[in-house]
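Listed below are the residues making up each chain.
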Amino acid sequence: MAFNTETMTINMGPQHPSTHGVLQLILELDGEVVQKATPHIGFLHRGTEKLSEHRTYHQVIPLTDRLDYLAPMSNNLGYVLAVEKLLGITDQIPERAKVIRVMMAELTRLKSHLVWLACHALDIGAMTVFLYCFRERENIMDFYEKISGARMTSNYFRVGGLSADLPEGIEAEIRAFAESMHGHVETYEGLLTGNKIWQKRTQGVGIISKEAAIDIGLTGASLRASGVDWDLRRDNPYSGYEDYDFVVPVREECDTWARYHVRLEEMRQSARLVLQALDKLQGLQGAPILADCPQICLPPKQDVVNTIEGLIHHFKIITEGFKPEPGEIYQGVEAPKGELGYYLVSDGSPRPLRMKIRPPSFVNLQALPQMVEGKMLADVVAVIGTLDIVLGEIDR
Amino acid sequence: MTPEVLTLSNSPLLFTIAMLVKILVAFAVTMLIVAYATWCERKIIGGMQTRMGPTMTGPKGLLQPIADGLKLFFKEDIIPSEAYKTAFILAPMMILAPALISVAVIPFGNDITVTWDGVSYIVPLQITDLNIGILYILAMAGLGVYGIVLAGLASNSKYSLLGGIRSSAQMISYELAAGLSIIAVFMLSETLSMRGIVEAQQGALWGSISFLPNWYIFTQPLAFGLFVVGSMAEVNRTPFDLPEAETELVSGFCTEYSSMKYALFFMAEYANMITVSAIGATLFLGGWGGPFLGWMNFLIKVFAFMFFFIWIRATFPRLRYDQLMALGWKVMLPLALANIVVTGVAVLLWQ
């Protein structure tokens, strides 16, 4: 006897607890098996690229905070590096600024990965890891607040350096945190790695082959878990990453389990990098944090309030901005979620003619349909978690 | 004249009074535990997750369950316009009622003697001692599925439907394993009455090892393990909370429910937890036997069971649907059957 069966279309998101924001997935289900998955994006579109065409180069930095809101300083870093490249002042950035940038970028990677692990575990049903991760993330948020004044929208880096030096005593706090991080990662592993259910839920789930990963343009941990040894920090270094000693973890399994291990190892390596940066900072006490480029960088605050020359200097940069030579550049950085690229076109005016952002999540999301089709509904949330997407940078 | 000890059935009036009191007490205590199980769960998991749990309502948040109840009571009761009304309203009651009814056959203490008019009567601390107690409990557990399936169907929502389908498949498969594990117990006790099973567990282990009680957890460890896993699946607790898997199905079968009906689902979940804990304590941990007063021992065992369930929730991730079914049919069912065979052979050789 033949039954007349049909598939069921369900609308997952944008209001759904585990689509990490406002992702909408149209799923075609045969029972619990996903036949077809279509991601719909754009619910968080704020027109970042277009907005930046009407702002001076400095005014764009706060917009970049809001791309991947879980890793604001990585976005800042990519943008300021791109502008510095456009201006041709990359080699004039003071050493202390470069080291602090690396330290903050690595703390940001830790912060982003902690949220990833928390949400990924929660999606699969492990509630406790979620709260442990957020406990550690809170420490990084505190550092953010002390250093930049804001917990999420940091807006800390400047073209040419940093907006302010580190507050007194913060190095010791960061060192204590980075040293404890290894033990915390062990705790997460203790709750998850050996757990039979966790293994069953992640091994062999969401497979993306090496070739497919390269075809799609996957970057970050997802690419490295598919056996491609590629990390911009090592292979195309920026901001002095070539002076640090770190390992790029690579796994061959191509599944969620591999991505889980790669990211955990990255957390350990990030903690190592933070410690190395702190060691470097000890020899750079009191060194300048802003490049000596009066056309581009703001004068020190005491000059602005005490001298008329300083005030005029400050006024000129704030109102007019600076004018890069006409040209175009691309700068990519290894953000926590993959390669974050900024493509800038200048026509010689103080505003970018065009800014194109290459957000890693946007590209990584394209792997979702082929990772979940033919799998169970429960795997969809596992795969969304493992891809580590943030809708802020997908929709821009 | 020697003092007479009679059963209650000799005095219809006393029988009725005792029955009403027992029913009221059992119901009130169960509901109280239901309310405070939520508070305990939040405090215990909070402690495990470096949080505080409820703190604002009353000292140490002790009034939180009451506040929750009041809030849900005063919320608007929404019935979706596309829902099947009768079934939609019936479903939450159909889940709660079987959970509470099962408590009727669970003995919660020793017999007590009451003297009335010069005559002593024995009052058993059990609402009723059915001679087919276990079968009755299995039947009631089976009824609980209907509520969830109906809730899923009647909501006329796809997420609810998926939750309903998941739970029907899950509860049917795990009831088999849990039920089969219980068979091994009453093969040893040679009675189906809950009271009889508890009485069979008194005394020293196998009549010889004096420092251990003769609980079936020692004679039937495998059956105990199967029962615990099976009952966890039956009450839809982590790692088997698929029917209401929040991160997959929003809220599963209770997605469309609000107000008191939603509260009923929650009460049912905890009432079920209490029921299976009580069954577990009766069948495997010697019921009311132990160092303290009968009902104290019994409550301690029930709470230990519930603590275990809460602990598991803080520790484990959730299984996937196909893995859940594979575990139920390919691992637990064969193990339960093998356990019955081994027990049968052992009992035969013993005789």
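Just above, that's the structure.
Numbering of residues begins from 1 in every chain and follows the order in which that chain's sequence is written. Naming scheme: in the order in which they are written, chains are lettered from A and ligands are numbered from 1. Two thresholds apply to this predicted model, a pLDDT of at least 70 for residue-level local features and 80 or more for giving and counting side-chain atom pairs, whereas whole-chain, interface and lining totals are computed over all residues. Derived side-chain values reflect all non-hydrogen atoms in the structure, with water molecules and hydrogen atoms excluded from consideration.

## With respect to the sheet that holds strand β1 (residues 8–12) of chain A
Residue and element names in this part refer to chain A. Just so we agree on the cut-off: A pair of strands is considered paired only if DSSP assigns at least 2 bridges between the two. Only DSSP runs of H or I with at least four residues qualify as helices, and only runs of E with at least two residues qualify as strands; both kinds are numbered from the N terminus onward. Axis definition: a line fitted to C-alpha atoms, limited for helices to the stretch in contact. Angles are taken between N-to-C directions and run from 0 to 180 degrees.
Strands sit in the order β1-β2-β3 across an open sheet of three strands; the sheet is antiparallel. Of all the strands in the sheet, just β1 and β3 (33–40) have a single pairing partner and so form its edges. Each strand axis lies, on average, 20 degrees off the axis of its neighbour in the sheet, ignoring direction. Summarising the sheet, strand β2 (residues 24–30) and β3 pair through seven bridges and their orientation is antiparallel. Across the sheet, E28 pairs through a bridge with K36, a residue of β3.

## Description of the side chain of A:T193
Residue and element names in this part refer to chain A. Selection rule: Relative accessibility under 20% of the residue-type maximum defines a buried residue, over 50% an exposed one, and the middle range a partly exposed one, all with a 1.4 Å probe and only protein chains included. In protein, a polar contact means a hydrogen-donor-capable atom and an acceptor-capable atom, both N or O and within 3.5 Å, with residues adjacent in sequence counting only if both atoms are side-chain atoms; elsewhere, any N or O pair within 3.5 Å suffices. In this description, contact between two residues means that some pair of their heavy atoms is separated by no more than 4.5 Å.
Summarising the element assignment, T193 is placed in the loop between α6 (170–192) and α7 (196–202). Given the relative accessible area of 15%, T193 is considered buried. A distance of 2.8 Å separates a polar atom in the side chain of T193 from a polar atom in the side chain of Y260. If near-sequence neighbours (up to four positions away) are discounted, T193 is found in contact with Y188, W198, Q199, W257, Y260 and H261.

## Thoughts on the pairing of β2(A)
Residue and element names in this part refer to chain A. Pairing analysis gives five bridges linking β1 to β2, with the strands arranged antiparallel. Following the sheet pairing, M8 is matched in β2 by L29. Taken together, β2 and the strand that follows it, β3, pair antiparallel across an intervening segment of two residues, in which G31 is found at a positive phi of about 70 degrees.

## Focus on the state of the cysteines
Residue and element names in this part refer to chain A. Here is the rule: Note on terminology: disulfide denotes any pair of cysteine sulfur atoms within 2.5 Å.
Scanning the model with the defined rule gives zero disulfides over all chains in all. Free cysteine: C133, not disulfide-bonded; nearest cysteine sulfur from C119 at 8.8 Å. Given the relative accessible area of 0%, C133 is considered buried. Its sulfur unpaired, C297 is 5.2 Å from the next cysteine sulfur, which belongs to C293. Relative accessible area serves as the criterion here: at 4%, C297 is assigned to the buried category.

## Brief notes about the pattern of salt bridges
Residues and elements named next belong to chain A. Convention followed: Counted as salt bridges are all cases of a side-chain nitrogen of Lys or Arg within 4 Å of a carboxyl oxygen of Asp or Glu.
What the rule picks out here adds up to 31 salt bridges over all chains. Its salt-bridge partner being E266, residue R224 comes within 2.5 Å of it at the nearest N-O pair. Of the two residues, R224 is situated in helix α9 (residues 221–224) and E266 in helix α11 (residues 256–282); the sequence distance between them amounts to 42 residues. With respect to burial, R224 and E266 carry one shared label: buried. Residues joined in a network through salt bridges with shared partners are E106, R109, R224, D231, R233, E266 and E334.

## So, the pairing of strand β3 (residues 119–123) of chain B
Consecutive side chains of a regular strand alternate in pointing toward one face of the sheet and then the other. All names here are of chain B. Among the five residues that make up β3, four are buried, leaving the element largely enclosed by the rest of the structure. Alignment of strand β2 (residues 112–116) against β3, held across five bridges, turns out to be antiparallel. Bridged to T113 within β3 is I122. Between β2 and β3, which pair antiparallel and follow one another directly, the connecting turn spans two residues, one of which, D117, has a positive phi of 60 degrees.

## Here's the deal with the packing of helix α5 (residues 158–189) of chain B against helix α12 (residues 321–350) of chain B
All names here are of chain B. Definition in use: Orientation labels follow simple angle bins: below 35 degrees gives roughly parallel, above 145 gives roughly antiparallel, 65 to 115 gives roughly perpendicular, and whatever is left gives oblique. Crossings are sorted by hand: turned counterclockwise from the far helix by less than a right angle, the near helix makes the crossing left-handed, and turned clockwise it makes it right-handed.
Where α5 meets α12, the closest approach of the two axes is 9 Å, and the angle between their N-to-C directions is 15 degrees. The angle between the axes of α5 and α12 places the two elements in the roughly parallel class. Here α5 and α12 pass one another in a crossing that is left-handed.

## As for unusual backbone geometry
The bulk of non-glycine residues show a negative phi, and the bulk of peptide bonds are trans. Positive phi values are uncommon outside glycine, yet A:D388 reaches one of about 55 degrees. In this fold, A:D388 is placed in the loop between α16 (377–387) and α17 (391–395). Here B:K60, not a glycine, exhibits a phi torsion of approximately 55 degrees, which is positive. Here B:K60 is to be found in the loop between α1 (12–48) and α2 (64–73).

## Some remarks on the sheet that holds strand β6 (residues 327–335) of chain A
Residue and element names in this part refer to chain A. Strand order in the open sheet made by the three strands is β6-β7-β8, with antiparallel pairing throughout. Sheet topology places β6 and β8 (354–358) at the edges, where each strand pairs with a single neighbour. Taking the axes of each pair of neighbouring strands and ignoring which way they run, one obtains an average angle of 15 degrees across the sheet.

## A word on the nonpolar core
Rules: We define the nonpolar core as a collection of buried residues of types Ala, Val, Leu, Ile, Met, Phe, Trp, Tyr and Cys that are connected through side-chain atoms lying within 4.5 Å of one another.
Ranked by size, the top nonpolar core spans 117 residues in total, and within it A:L27, A:Y79 and A:M104 carry the most contacts. In terms of residue count, the dominant contributor to this core is helix α4 (residues 95–124) of chain A (15 residues). Ignoring any residue separated from it by four or fewer positions in sequence, one finds A:M104 in contact with A:M73, A:Y144, A:I147, A:Y156 and A:F157. Of all hydrophobic cores here, the second largest spans 85 residues; its members include B:A83, B:I137, B:A223 and B:L242.

## Concerning the interface of chain A and chain B
The cut-off we apply is this: Throughout, buried area stands for the accessible area (probe radius 1.4 Å) lost by two parts on being put together, summed over both.
Listed as interface residues are 34 residues of chain A and, on the opposing side, 28 residues of chain B. Across the chain A/chain B interface, buried area totals approximately 2,600 Å², and carbon plus sulfur atoms make up 61% of it. Taken as a group, A:E32, A:M127 and A:I197 account for 21% of the area that chain A buries against chain B, more than any other trio of residues on that side. The shortest N-O distance in the salt bridge between A:D379 and B:R320 comes to 2.9 Å. One can count nine residue pairs in polar contact (both at pLDDT 80 or more) joining chain A with chain B.

## Remarks on the environment of A:M73
All names here are of chain A. Among the structural elements, M73 can be located in helix α3 (residues 72–87). In this structure M73 comes out as buried when scored by relative accessible area, which is 0%. Between the C-alpha atoms of M73 and I26, which are 47 residues apart in sequence, the distance is 33 Å. In contact with M73, not counting residues within four places along its chain, are M104, T108, Y144, S148, S154, Y156 and F157.

## A few points about the environment of A:S74
Residue and element names in this part refer to chain A. Its location among the elements puts S74 in helix α3. Between the C-alpha atom of S74 and that of L340, which follows or precedes it by 266 residues, the distance is 8.5 Å. Ignoring anything within four residues of it in the chain, the contact list for S74 reads A105, T108, V333, A335, P336 and L340.

## Some points on the side chain of A:T56
Tracing the chain through its elements places A:T56 in the loop between α1 (48–52) and α2 (61–65). Discounting chain neighbours no more than four positions away, the residues touching A:T56 are A:E320, A:G321, A:P350 and A:R351.

## Description of the packing of aromatic side chains
As a reminder of what qualifies: The criterion for an aromatic pair is that two Phe, Tyr or Trp rings (for Trp, the six-membered ring) have centres within 6.5 Å, with stacked assigned to planes under 30 degrees apart, edge-to-face to planes over 60 apart and tilted to the rest. Comment: the charge-over-ring label is applied if NZ (Lys) or CZ (Arg) is within 6 Å of the ring centre and within 35 degrees of the ring normal.
In total, this model carries 21 aromatic pairs over all chains according to the counting rule given. For the pair A:F130 and A:F134, a centre-to-centre distance of 4.8 Å together with 40 degrees between the ring planes defines the contact as tilted. Pair noted here: A:F130 and A:F134 are both in helix α5 (residues 127–148), with a separation of four residues, about one helical turn. Residue classification places A:F130 among the partly exposed positions, given a relative accessible area of 22%. A:F134 gets classed as partly exposed once you look at its relative accessible area, which sits at 27%. Where A:Y156 meets A:F157, the ring centres are 5.7 Å apart and the plane angle is 45 degrees; that geometry is what we call tilted. In this pair, the class of A:Y156 matches that of A:F157, namely buried. By the ring-pair criterion, three or more aromatic residues cluster together here, those being B:F224, B:F227, B:F284, B:F305 and B:F309. Here A:R135 stacks its cationic end above the ring of A:Y132, 4.9 Å away from the centre of that ring. The residue whose ring lies beneath A:R396 is A:F362, and the NZ or CZ to ring-centre distance is 5.4 Å.

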